[in-house]
Amino acid sequence: RTLEDMLPPTEFLARASDYAGQGAVSMAAAELPATSSRGRTSKQKVTAEWVDFFTSGPSDIATLVIHSRVTQPLADSLSAQTQLSSLDILDGAFRDIEFVRNLTGLVRLSLDTPKVESLDPVATLPRVEVLAIDRPFSVVDLGPLSNIVSLSELRYGNARLSDDRSVAIPDMEWARPLQS
């Protein structure tokens, strides 16, 4: 199964202004047509709306799936959504995942991480049971994963059928502490 096959059921919202207290939300902040410079401006405005919404503090969203490209500012804004129990980012354009450190209630985390080099912030999450790290082409140390004692399911690799690059795992020593 692909990561997208495992997504939780959610309600799709195009804009932050469409939010009305839903507990499970899918969003695509930059999925407006970009046929003109006006389209690009619209994408920027919609993304800025979501950044403002997320930065304003916890909402009632427990499950969040982001289908559009997630830039660093959008990712960083998620750090204020401390109520999240499930987060899926399907197209990550960020290098830093420090934003997850505040999301201590996460039970499920799925990140597309082609530019991320360090998984250290993930190791601080006390409740993560399901972790999917997709396209971790720049990650060099998997050691932080060994510190996630609550982990029951780990998917690590390239689940994108449209991307034929391989993910290197130099050794499996980091996995020994995960054995129960």
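The shown structure was predicted, so the numbers you read here are calculated from the model rather than taken from an experiment.

Before going further, it helps to spend a moment on the overall build of the chain. Along the chain, the regular secondary structure elements total two helices and seven strands. Helices and strands appear in the chain in the N-to-C order β-β-α-β-α-β-β-β-β. When burial is assessed residue by residue, the chain has 45% of its 180 residues classed as buried. Within the chain, counting contacts between residues at least 6 apart in sequence, those at least 24 apart form 39% of the total. About 9,000 Å² of surface is accessible on the chain, with carbon and sulfur atoms providing 48% of the total.

Okay, the nonpolar core next. Formed by 43 residues in total, the largest nonpolar core has its most connected members in Leu 64, Leu 87 and Phe 99. Listed by contribution, the elements that provide at least two residues to this core are β2 (24-27), α1 (37-55), β3 (63-66), α2 (72-77), β4 (86-89), β5 (108-112) and β6 (130-134). Sorting elements by how many residues they give to this core places α1 first, with five residues. Aside from chain neighbours lying at most four places away, what touches Leu 87 is Leu 64, Leu 78, Phe 99, Leu 103, Leu 106, Arg 108, Leu 109 and Ser 110.

What follows concerns the pattern of salt bridges. Following the criterion strictly, the structure yields seven salt bridges and no others. Salt-bridge contacts for Arg 15 lead to Glu 49; the nearest nitrogen and oxygen are separated by 2.9 Å. Taken together, the residues Arg 15 in the loop between β1 (11-13) and β2 and Glu 49 in helix α1 connect sequence positions 34 residues apart. What makes Arg 15 partly exposed here is its relative accessible area of 30%. When its relative accessible area of 27% is taken as the criterion, Glu 49 is described as partly exposed.

Before going further, it helps to examine the packing of aromatic side chains. Scanning the entire structure with this criterion turns up five aromatic pairs. Centroid distance Trp 50 to Phe 53: 5.7 Å. Interplanar angle 85°. Geometry classified as edge-to-face. Here Trp 50 pairs with Phe 53, and both are found in helix α1, just three residues apart, close to one helical turn. Judged by its relative accessible area of 18%, Phe 53 is buried. Each residue in the set Tyr 19, Trp 50, Phe 53 and Phe 54 is aromatic and connected to the rest through ring pairs, giving one cluster.

We now examine the environment of Thr 82. Checked against the element boundaries, Thr 82 lands in the loop between α2 and β4. For the pair Thr 82 and Gly 57, spaced 25 residues apart in sequence, the C-alpha separation works out to 7.9 Å. Those residues in contact with Thr 82 that sit more than four places away from it in its chain are Pro 58, Asn 102, Leu 103 and Gly 105.

What follows deals with the sheet that holds β1. The strand order across the open sheet built from seven strands is β1-β2-β3-β4-β5-β6-β7, with neighbouring strands paired in parallel fashion. Each of the sheet's edge strands pairs with one partner strand only, and the pair in question is β1 and β7 (153-157). Across this sheet, the average inter-strand angle for adjacent strands is 10°, counted without regard to direction.

The rules we used
- Residues numbered from 1 in each chain as written.
- Predicted model: local features only at pLDDT ≥ 70, side-chain atom pairs only at ≥ 80, totals over all residues.
- Heavy atoms only, no water.
- Helix = DSSP H or I, 4+ residues; strand = E, 2+ residues; numbered from the N terminus.
- Buried < 20%, exposed > 50% of the residue type's maximum accessible area, 1.4 Å probe, protein only.
- Contact = heavy atoms within 4.5 Å.
- Areas by Shrake-Rupley, 256 points an atom, 1.4 Å probe, with all protein chains shown as cover.
- Core = buried A, V, L, I, M, F, W, Y, C linked by side-chain atoms within 4.5 Å.
- Salt bridge = Lys/Arg side-chain N within 4 Å of Asp/Glu carboxyl O.
- Phe/Tyr/Trp six-rings, centres within 6.5 Å; stacked < 30°, edge-to-face > 60°.
- Pairing = 2+ DSSP bridges.
- Axes fitted to C-alpha atoms, helices over the stretch in contact; angles between N-to-C directions.

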